[in-house]
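Listed below are the residues making up each chain.
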Amino acid sequence: MSEAAVTQRGTRAPGDDHAFAPAGWPAPDARRRLQLALGALWLLDAILQYQPVMFTRAFSQMLAAAAEGNPAFVSRPILWDAHLVGQHPVALNTTFATIQLLLALGIAWRPTVRPALGASVVWAVAVWWLGEGLGGVLTGTASPVSGAPGPVILYALLAVLLWPRDRGRRAPGSAGPAVPFVAARAVGAPAARALWLVLWASLAYFALLPANRAPQALHAMLTGVTEGEPAWLASISAHGAAFLAHHGLAASLVLAVLLALIAIGVCLPPSAARPTLAVAAVLAAAIWVAGQDLGGILTGSGTDPGSGPLLILLVLAYWPVRTAGARTDGPQADQTQANEAQANEAQASRGPAAGRAVT
Amino acid sequence: MTGPFWLAGVLAALMIATAAYCATRLIIARVHRRPDERDVDLVHTVMGVAMAGMLVSWLNPLPNPVWAVMFSAGTAWFGWRAWHDRRSRAVRDAAATRPTGRASQPHHVPHLVMCGAMVYMLLAVGAVTSATHPGTIMGSPATVGRFPLLALILAVFMVAYVMWQADRLPALARVNSARPAPAPALALASVPSAGGQAMQAYEATLDPPSGQRRWGMLSRRLVGRDNMPPPLAHRLMSPRLAACCQIAMAVTMGYMLILML
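Computed from a prediction, not measured in an experiment: that's the story for all the values here. (Residues numbered from 1 in each chain as written. Chains lettered and ligands numbered in written order. Predicted model: local features only at pLDDT ≥ 70, side-chain atom pairs only at ≥ 80, totals over all residues.)

Trainee: Tell me what's going on with the overall build of chain A, and back it up with residues and numbers.
Mentor: The number of helices and strands found in chain A is 17 helices and zero strands. For chain A, the share of sequence-separated contacts (at least 6 apart) that also reach a separation of at least 24 residues comes to 68%. (Helix = DSSP H or I, 4+ residues; strand = E, 2+ residues; numbered from the N terminus. Contact = placed C-beta atoms within 7 Å.)

Now the structure itself:
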């Protein structure tokens, strides 16, 4: 059962007591690592879904709350779903949690990564509708601070961007396509940039909604998430709320400008894109801690880790690939970095398992 | 909260099966003098029993403080192993012209963290339940522990470990495809490169064990004749099965840690 016992039979070379890596296991490339991170978030979701409170009627009430403020075509299926879960909480919650567990393990198991990612898109969209009420985007109260457009839709977006497929022309002497960042491998750089632009521009738009730019809106949002949280985490939100009290409009404007800059960040040269993406990651982390209190996980009733980790994962998927000794900006930078990306990521195809695994 | 109770029972059964499997590996390793890390198998055997007892209280054969002491010793042991690995790797890297890659590192850190997580859970649950609900099982409201952030960090580690292990499963299956040949010389001659090394390492474990008689008929049936392990032992030592058990243990531990929140 030990690590050495697991692997040494096939890989320990004579005289090398430390060669424990299994033969034929290609080290995960950048995209595979991001896929595994996405799978890890699904697994965390599954474990959270197995929490005791999820087997009670409180879960159905949680679902029903997502219908509030939504138009009828959205809210009716949500209420039907909540009613059904309320009648069979144990059976349905077990099913939900097990589905998420299988999605996670399917992503981790290389031969099933494609069906698992495909199923995760379907599941995420269904949960986004029936569990999150489309993230509240149609209610007029969606806010990036509270996790709009809904954490679960980000799972679907990531599954699409990390789909194990290579699109685009191949660079000379390389096995993979020429892409400036990992997210462009599956859908191409223009489509990936468009998706990023839509996401972050929509967040900027949500930040400027009337409900969010009211003087006390952000203050109320931050104070509303502290219930049941540990004292240290609640105090962070409380301090943030005190700082933003009566400054809702100014804070919303600053937030919207930041989000808009982030939205165009991936269209900039890599030397400018990196700091923009770093700001995006820091902002996502700040919102996750102060605005979402880590998704409410520490209260014992959180169903997911919130949007912060997913946005950070998205940032990593768009992070320009660094090239040593090459230009880091300008028109040739994308091509140069793409070549570097291929050199790093083509190693997955060198191993015997790669052909049927990731790429 | 009926859900967690039956869920705890299912997970406890899984942990007992895992513990039994690890114990079987220990027996096979001893009889065949395999160079496996028996300390890890031993700790996981104990860990499986302890986790089952934490999930379902009537399965717990020992009081929590005893378990805590045992896993504290395990933490210290694997801490020393991890430090020793790191030190030997540094020495080897200094001597080598090319540094060894991360993929070739032995991994005692996960076992270290798992032992540490057990100590945390035992102490945190014990501190709460001893004063409120003696005999309370995991998943009940009284098991909410102290330092929830630590529980969350440990749970995230378990989740990451599960993904890392599951990602390697296909490769582990290929490693297991190496079959023992009747004669070591024939096996080594017929399997090239990495396969040959694999076979060499495997054959080195198949010497006739001098202490086999001590294990009696049961172990003789399990491990088979000298120099040729039977299919049952071969399957039980499957790397993929071992990794699956580690995954099950890490998932269960992650669940137990989340219950501490």
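Still more ground to cover, so stick around.
Trainee: I'd love a proper account of the overall build of chain B, names of residues and values included.
Mentor: Within chain B, the secondary structure is distributed over 10 helices and zero strands. Reading chain B from its N terminus to its C terminus gives the helix and strand order α-α-α-α-α-α-α-α-α-α. Restricting to contacts in chain B with at least 6 residues of sequence separation, those with at least 24 account for 70%.

Trainee: For the confidence of the model for chain A, give the residues involved together with the corresponding values.
Mentor: Residues and elements named next belong to chain A. A residue-level look at chain A finds 80% of positions with pLDDT of 70 or above and a mean pLDDT of 82. Contacts for the low-pLDDT stretch residues 1-20, under 50 throughout, to residues beyond four places or in other chains number 70 contacts. Low pLDDT, under 50, characterises residues 324-359; the stretch is placed with 83 contacts to residues that sit more than four places away or in other chains. (pLDDT = per-residue confidence, 0-100.)

Trainee: If you had to explain the packing of helix α14 (residues 270-291) of chain A against helix α15 (residues 308-318) of chain A to someone new, which residues and values would you point to?
Mentor: Residues and elements named next belong to chain A. It is at 8 Å that the axes of α14 and α15 come closest, and there the two elements cross at 170°. Accordingly, the angle class assigned to the pair α14 and α15 is roughly antiparallel. Residue-level contacts link Leu277, Ala280, Ala281, Ala284, Ala285, Ile287 and Trp288 of α14 to Gly308, Pro309, Leu311, Ile312, Val315 and Tyr318 of α15. In terms of residue class, the contact of α14 with α15 is made up of 12 nonpolar, one polar and no charged. (Axes fitted to C-alpha atoms, helices over the stretch in contact; angles between N-to-C directions. Parallel < 35°, antiparallel > 145°, perpendicular 65-115°, else oblique. Nonpolar A, V, L, I, M, F, W, Y, C, P; charged D, E, K, R; others polar.)

Trainee: Please give an account of the nonpolar core that cites residues and values.
Mentor: A:Leu38, A:Leu158, A:Ala317, B:Met121 and B:Leu257 are the most contacted members of the largest nonpolar core, which has 164 residues in total. At 14 residues, helix α5 (residues 148-176) of chain B tops the list of elements feeding residues into this core. Excluding residues that lie within four positions of it along the chain, A:Ala317 makes contacts with A:Leu34, A:Leu158, A:Leu161, A:Leu162, A:Phe181, A:Val182 and A:Ala183. Judged by nonpolar contacts, the second largest core, of five residues, contains B:Ile28, B:Ala29, B:Ala233 and B:Met237. (Core = buried A, V, L, I, M, F, W, Y, C linked by C-beta atoms within 7 Å. Buried ≥ 20, exposed ≤ 12 C-beta atoms within 10 Å, placed from the backbone.)

Trainee: Got a sec to walk through the confidence of the model for chain B? Specific residues and values, please.
Mentor: A low pLDDT means the predicted coordinates there should not be read in detail. Residue and element names in this part refer to chain B. In the predicted model, chain B carries a mean pLDDT of 74, and the fraction of residues at 70 or more is 63%. Looking over chain B, one finds the lowest element-wise mean pLDDT in helix α6 (residues 184-190), namely 37, and the highest in helix α2 (residues 38-55), namely 92. For residues 99-105, every residue scores under 50 in pLDDT, and the model assigns this stretch 13 contacts once sequence neighbours within four places are set aside. Predicted complex, confidence summary: ipTM 0.81, pTM 0.81.

Trainee: Break down the environment of A:Ala82 for me, citing the residues and quoting the values.
Mentor: All names here are of chain A. Within the fold, Ala82 resides in helix α4 (residues 72-87). In this structure Ala82 comes out as buried when scored by C-beta crowding, with 22 C-beta atoms within 10 Å. Sequence separation between Ala82 and Pro230 is 148 residues; the distance between their C-alpha atoms is 29 Å. When near neighbours in sequence (up to four residues on either side) are disregarded, Ala82 contacts Ser60, Leu63 and Ala64.

Trainee: Quick rundown of unusual backbone geometry? Include the residues and the values.
Mentor: Residue and element names in this part refer to chain A. A cis amide bond links Ala148 with the next residue in sequence, Pro149, at an omega value of 5°. Relative to the helices and strands, Pro149 resides in the loop between α6 (113-130) and α7 (151-161). The phi dihedral of Asp293 is positive, around 50°, even though this residue is not glycine. By secondary structure assignment, the location of Asp293 is in the loop between α14 and α15. Within the chain, Leu294 stands out as a residue other than glycine whose phi angle is a positive 60°.

Trainee: Go over the packing of helix α5 (residues 89-108) of chain A against α6(A) with me, naming the residues and quoting the values.
Mentor: All names here are of chain A. Relative orientation of the contacting elements α5 and α6 amounts to 145°, with a least axis distance of 8 Å. In the crossing of α5 with α6, the sense of the turn from one axis to the other is left-handed. Of the residues in α6, those touching α5 at Ile99, Leu103, Gly106 and Ile107 are Val113, Pro115, Ala116, Leu117, Ala119, Ser120 and Trp123. In terms of residue class, the contact of α5 with α6 is built from nine nonpolar, two polar and no charged. (Left-handed = near helix turned anticlockwise from the far one by under 90°.)

Trainee: So what's going on with α2(B)? Which residues, and what values?
Mentor: Compared with an ideal rise of 1.5 Å per residue, which puts 18 residues at 26 Å, α2(B) spans 26 Å between its outermost C-alpha atoms and is within 8% of the ideal. For α2(B), the tally of buried residues reaches 15 of 18 residues, placing the bulk of the element in the interior. (Expected span 1.5 Å × (residues − 1).)

Trainee: Describe α5(A), with residues and values.
Mentor: With 20 residues, α5(A) extends 28 Å from end C-alpha to end C-alpha; this agrees with the ideal 28 Å at 1.5 Å per step. Looking at α5(A), one finds that the buried residues are A:Asn93, A:Phe96, A:Ala97, A:Gln100, A:Leu103, A:Ala104, A:Leu105, A:Gly106, A:Ile107 and A:Ala108.

Trainee: Got a sec to walk through the environment of A:Ala46? Specific residues and values, please.
Mentor: Residues and elements named next belong to chain A. Locating Ala46 in the fold gives a position in helix α2 (residues 30-49). On the basis of neighbour counts, which here come to 23 C-beta atoms within 10 Å, the residue Ala46 falls in the buried class. Those residues in contact with Ala46, other than ones at most four positions away along the chain, are Ala97, Gln100, Leu101 and Ala104.

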